[in-house]
Amino acid sequence: MLERIANFSAGPAVLPEEVLQEIQQDLLSYKGKGLSVMEMSHRSKDYQAIFDDTVDRIKRVFGLGEDFEVVFLGGGASTQFLMTAQNFCPDDKEANYLITGNWAQLAHKEAKKIGKKVFTAASSEDQNFSYIPKEYQLSENPAYLHLTSNNTIYGTQFKDFPIVPDNVPLICDMSSDIMSKPIDVKKFAVIYAGAQKNIGPAGVTLVLIRKDMIEKLQPGLPTMMTYKTHIDKGSMHNTPPTFNIYIVGLVMKWLENIGGLEVIEKINIEKAACIYDMIDNSDNYYRGTVEKEDRSLMNITFRLPSEELEAKFLSEAAAKKLSGLKGHRSVGGCRASTYNALPMSAVNQLAEFMAEFKKNNS
Ligand code: PMP
């Protein structure tokens, strides 16, 4: 086995080794069929079986039952900023947003750009997005409330989701914490996530649409922009990202094999605690950048005493094969992303390195 780095990248991110091995094993000839999944027609029986198995596994792992349509799209989570507004905000209602970071801001901006009435239900911009607002106020006639469950850049995460009136659909961008813990999915009308953090490679976006939302879909949209097209055609109106969907299926299989979301949540809590404990017990050498109660289990953001030390920290970490620790370009500092597939051993290596670096540079 080749040596692998400890990959703390915020995304595209680490994938389970077992998944990579299975891809490798089946790359030239999928289950002895003489061709790669990449080379299969999306209309073939063999590919349809892979697709259906992936959908079934997603439903099982995430507890969706038959209440949701499962759709795979291209265009990244960023295209969903547009599509959610187009599809679910009629012109006489307001699209409501909880602004907890850059991605939420972009979703809000996109709705505004296409002429929707937008409303900020709450925002944590006053404190540089270092907390999750605990209260919010809806507009008079809300089409929906949109939130970003985990803020990849700032390192905050909703621990309790907002409670909305029954007639207000909750739409959630779960790109950076989907399937990291069990949640009550039925609270959500729509969930979307770019796959490249917790559930697969970049290039496919998972969209889950609760079936009662279908009647709310806005008519008259261009073919590719309406969810109706993709629901009615089982994500096969045009060629879907076939290989990426197959890999999502393998990641689901891996999740099921390790015991599902209850188990992965425990592991994720343990991994995050290891780094947060190091930060909290460092006599302020390492400083967390967000409110403790809102800390993300997926993206751990921290600063060192100076920017010079941060640069030294990142370069020495890289030399030790601890990769992807640079904070997002818009905020600086350091960020350790500890998604589902990151092994505990990588986290232990980082904690050891942090202790050693502090000792040598205090
Ligand atoms: N939402 C969140 C929470 C993200 O972290 C990201 C990307 N890192 C996006 C949306 C944008 O995703 P994409 O690049 O797939 O468009």
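Computed from a predicted model, the values in this text were never measured in an experiment.

Once that is clear, we can look at the sheet that holds strand β8 (residues 170-173). Read across the sheet, seven strands follow the order β2-β10-β9-β8-β5-β3-β4 without closing on themselves; strand pairing throughout is mixed. Each having just a single partner strand, β2 (68-73) and β4 (117-123) make up the two edges of the open sheet. Adjacent strand axes in the sheet meet at a mean angle of 20 degrees, parallel and antiparallel pairs treated alike. In terms of strand pairing, strand β3 (residues 94-99) meets strand β5 (residues 142-148) through four bridges, oriented parallel. Paired with E94 across the bridge in β5 is P142. In this fold helix α2 (residues 45-62) packs onto β2, β9 (190-194) and β10 (205-210), with an angle of close to 125 degrees to the strand it touches most, β2.

With that settled, the discussion passes to the site of the ligand. S78, T152, D173, Q196 and K197 are the nearest of the 13 residues found near the ligand. Within the side chain of W103, an N or O atom sits 3.3 Å from an oxygen atom of the ligand. When isolated, the ligand has an accessible area of 400 Å², and the protein chains bury 85% of it. With four residues, the top contributor of residues to the shell around the ligand is helix α3 (residues 76-88). Here the shell around the ligand is built from residues that sort into three nonpolar, eight polar and two charged.

Within the element layout of this structure, Y227 appears in helix α5 (residues 227-232). In this structure, the C-alpha to C-alpha distance between Y227 and Y47, residues 180 residues apart in sequence, is 22 Å. Beyond its immediate stretch of four places on either side in the chain, Y227 contacts L73, Q80, M83, T84, N87, F88, V207, I209 and L217.

The buried fraction of β9 amounts to five of the five residues, a majority that puts the element mostly inside the structure. Neither face of β9 is exposed, since V190, Y192 and G194 on one face and I191 and A193 on the opposite face are all buried. Of the pairings in the sheet, the one linking β8 to β9 comprises three bridges and is parallel in character. Following the sheet pairing, I171 is matched in β9 by V190. Two strands pair when backbone bridges link them, and β9 and β10 are joined in this way by five bridges, in the antiparallel orientation. When the bridges of β10 are listed, V190 appears paired with I209.

Criteria and thresholds
- Residues numbered from 1 in each chain as written.
- Predicted model: local features only at pLDDT ≥ 70, side-chain atom pairs only at ≥ 80, totals over all residues.
- Heavy atoms only, no water.
- Pairing = 2+ DSSP bridges.
- Helix = DSSP H or I, 4+ residues; strand = E, 2+ residues; numbered from the N terminus.
- Axes fitted to C-alpha atoms, helices over the stretch in contact; angles between N-to-C directions.
- Contact = heavy atoms within 4.5 Å.
- Near = heavy atom within 4 Å.
- Polar contact = N/O pair within 3.5 Å; in protein donor to acceptor, adjacent residues only side chain to side chain.
- Areas by Shrake-Rupley, 256 points an atom, 1.4 Å probe, with all protein chains shown as cover.
- Nonpolar A, V, L, I, M, F, W, Y, C, P; charged D, E, K, R; others polar.
- Buried < 20%, exposed > 50% of the residue type's maximum accessible area, 1.4 Å probe, protein only.

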